[in-house]
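Structural features, examined
One letter stands for each residue in the lines below.
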Amino acid sequence: MEKKNIDWSKLGFGYTRTDYRWHSEWKDGAWDEGGLVSDEYIHLLESACVFHYSQSCFEGMKAYTTKNGDIVTFRPDMNAERMMDSAARLEMPVYPKDKFVHAVIETIHANAAWVPPYGTGCSLYVRPVMIGSGPQIGVAPAPSYMFRVFVMPVGAYFKGAVKPLRVRVSDFDRAAPRGTGHIKAGLNYAMSLHPTMEAHREGFAENIYLDPATRTYVEETGGANILFVDKDNNLIVPKSDSILPSITRRSLVYVGQKYLGLNVIERPVALEEVKGFKECALCGTAAVLAPVGEIHTKEGVIALPSGMDKMGEVSAKLRTTLTGIQNGEIEAPEGWIVKVC
Ligand SMILES: *Cc1c(COP(=O)(O)O)cnc(C)c1O
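The rules behind the values
Residues numbered from 1 in each chain as written. Predicted model: local features only at pLDDT ≥ 70, side-chain atom pairs only at ≥ 80, totals over all residues. Heavy atoms only, no water. Axes fitted to C-alpha atoms, helices over the stretch in contact; angles between N-to-C directions. Helix = DSSP H or I, 4+ residues; strand = E, 2+ residues; numbered from the N terminus. Parallel < 35°, antiparallel > 145°, perpendicular 65-115°, else oblique. Contact = heavy atoms within 4.5 Å. Near = heavy atom within 4 Å. Polar contact = N/O pair within 3.5 Å; in protein donor to acceptor, adjacent residues only side chain to side chain. Areas by Shrake-Rupley, 256 points an atom, 1.4 Å probe, with all protein chains shown as cover. Nonpolar A, V, L, I, M, F, W, Y, C, P; charged D, E, K, R; others polar. Expected span 1.5 Å × (residues − 1). Buried < 20%, exposed > 50% of the residue type's maximum accessible area, 1.4 Å probe, protein only. Salt bridge = Lys/Arg side-chain N within 4 Å of Asp/Glu carboxyl O. 1 Å grid on protein atoms, 1.4 Å probe; cavity = no way out; pocket = protein on both sides within 12 Å on 5 of 7 lines; lining within 4 Å. Points joined across faces, edges and corners; volume = space filled by probe spheres on them. Pairing = 2+ DSSP bridges. Phe/Tyr/Trp six-rings, centres within 6.5 Å; stacked < 30°, edge-to-face > 60°.

1. A closer look at the packing of helix H6 (residues 247–258) against helix H7 (residues 313–326)
It is at 10 Å that the axes of H6 and H7 come closest, and there the two elements cross at 105 degrees. The pairing of H6 with H7 is recorded here as roughly perpendicular in orientation. Packed against H6, whose contacting residues are Thr248, Ser251, Leu252, Val255 and Gly256, the element H7 presents Leu318, Thr321, Leu322 and Ile325 at the interface.

2. Side note on the side chain of Thr180
Take Thr180: it is sitting in the loop between strand E9 (165–169) and helix H4 (186–190). Beyond its immediate stretch of four places on either side in the chain, Thr180 contacts Arg89, Leu187 and Asn188.

3. Looking at the site of the ligand
Around the ligand sit 15 residues, and of these Lys184, Tyr189, Ser246, Thr248 and Thr285 come closest. With respect to the ligand, the backbone of Ala224 contributes an N or O atom lying 3.4 Å from a nitrogen atom. Within the side chain of Thr248, an N or O atom sits 2.6 Å from an oxygen atom of the ligand. Burial of the ligand by the surrounding chains reaches 96%, relative to a free accessible area of 380 Å². Grouping the constituent residues of the shell around the ligand by class yields four nonpolar, seven polar and four charged.

4. With respect to H7
With 14 residues, H7 extends 20 Å from end C-alpha to end C-alpha; this agrees with the ideal 20 Å at 1.5 Å per step. For H7, the complete set of buried residues consists of Val314, Ser315, Leu318, Arg319, Thr321, Leu322, Gly324, Ile325 and Gln326.

5. Remarks on the pattern of salt bridges
Side-chain pairing between opposite charges can occur once the charged atoms of the two side chains come close. What the rule picks out here adds up to 15 salt bridges. The salt bridge partner of Lys339 is Asp70, with a shortest N-O separation of 3.5 Å. In this pair, Lys339 sits in strand E17 (residues 337–339) while Asp70 sits in the loop between strand E5 (61–65) and strand E6 (71–74), placing the two residues 269 residues apart along the sequence. Put simply, Glu272 and Lys275 hold a salt bridge, and the shortest N to O gap is 2.5 Å.

6. Looking at unusual backbone geometry
Located in the positive-phi region is Arg75, a residue other than glycine, with phi close to 45 degrees. Accessibility expressed as a relative area gives 12% for Arg75, which makes it buried. Within the chain, Arg215 stands out as a residue other than glycine whose phi angle is a positive 50 degrees. Along the chain, Arg215 falls in the loop between strand E10 (206–208) and strand E11 (225–229).

7. Observations regarding the layout of surface pockets
What the largest pocket holds in volume is close to 1,100 Å³. Along the walls of the largest pocket sit 46 residues, with Lys184, Tyr189, Gly223, Ala224 and Ala286 positioned nearest its centre. Elements with a minimum of two residues in the lining of the largest pocket: E5, helix H2 (76–89), strand E7 (123–132), H4, helix H5 (193–201), H6, strand E14 (279–284) and strand E15 (288–297). Ranked by residues supplied to the lining of the largest pocket, first place goes to H5 with four residues.

8. Overview of the side chain of Thr107
By the secondary structure assignment, Thr107 is in helix H3 (residues 97–110). Looking at Thr107, its side chain comes within polar contact range of the main-chain oxygen of Ala103, at 2.6 Å. Every residue in contact with Thr107, bar those within four places of it in the chain, is listed here: Tyr20, Arg21, Trp22, Leu36, Val149, Phe150 and Val151.

9. Things to note about the pairing of strand E1 (residues 21–27)
Of all seven residues in E1, five are buried, a share of seventy percent or more. Both E1 and strand E3 (residues 35–37) contribute to a ladder of three bridges, which runs antiparallel. Each residue of the ladder has a partner; that of Trp22, found in E3, is Leu36. Summarising the sheet, E1 and strand E8 (residues 145–154) pair through five bridges and their orientation is antiparallel. Pairing of His23 across the sheet is with Arg148, part of E8. Counting the residues between successive antiparallel strands, the hairpin from E1 to strand E2 (residues 30–31) contains two residues, one of them, Asp28, with a positive phi of roughly 50 degrees.

10. A word on the packing of aromatic side chains
Going through the model one piece at a time under the given rule, you end up with eleven aromatic pairs. Relative to Tyr189, the ring of Phe58 has its centre 5.4 Å away and its plane inclined at 65 degrees; by these criteria the two rings are edge-to-face. Here Phe58 is found in strand E4 (residues 56–58), whereas its partner Tyr189 is found in helix H4, with 131 residues between them in sequence. For Phe58, a relative accessible area of 11% translates into the label buried. For the pair Phe74 and Trp336, a centre-to-centre distance of 5.6 Å together with 85 degrees between the ring planes defines the contact as edge-to-face. Of the two residues, Phe74 is situated in strand E6 and Trp336 in the loop between H7 and E17; the sequence distance between them amounts to 262 residues. Residues Phe74 and Trp336 agree in their burial class; the two are buried. Here the aromatic residues Trp31, Tyr95, Phe100 and Phe147 are joined through ring pairs into a cluster of three or more.

In structure tokens, the structure reads:
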């Protein structure tokens, strides 16, 4: 198979039209068969529920070329399950797990020429999305739905060395207790755009959000979970019902325990105790793991001992091990790597 003519070293994280996408519709109580289409446009009514009441959820995952030349994807069953939870919470029809995994694999396969080669640091980003597509003006769930999967090649999030980030604690809240913070709803991102742009304008890479009820505990950033390493090299994982259950975070916790022998402690983490920690990192599909060097708070700056020049030792080991598993350099736990072709 001939690869597309792309300068992989210049690839960023953005939309590129690729050849095929999966399209499926739900009407009269059932999903259709679904299939690959080439048209990247969707024709919708002005009254489609998604435009008014934001009935939408999505997923984000990647496909890679491994060391031995296989095209694989990482834990698609986890994304399938999370999207089922998102859909259920938004009164959308669940896209069944086996259909989801099939759609993802078919879409990657059809766009194999777009999957970056091994060793480029690039990958194929996979974006499943579901919307309430039928007309809805009274406030109620849509009468019909659309599910799509499209893909695009994306560059390494960090070009060259992985540089620590400067982040701040936001005055805004991300997710209410008992709200929708634990599902991947588009609406969670709409309200984060303003705080995110304000943070960027003020020179910060990201916002850290606190628990809205008490503004005491660390939750996560707008699109990534947070991990800490304490003085005794324990991996400290913030726990809250309003944190989005990141698949990268859950995978790093497993890697920490089973591959690196770390002690993992999942519990609520007060902002107050962060100044006693050694390392802090953000994690998610896009960047895998991004180290944090400084956290700016109302009470002053928390400078992590790992500093602003390089990532901490434990963070580096976690990152190398997980990316090694994804690239086929390190043996993966059973079921994590699904071969496409
Ligand atoms: C998608 C997402 C993450 C990261 O999840 P991954 O499964 O690791 O990609 C973290 N936080 C939020 C709010 C997200 O939407």
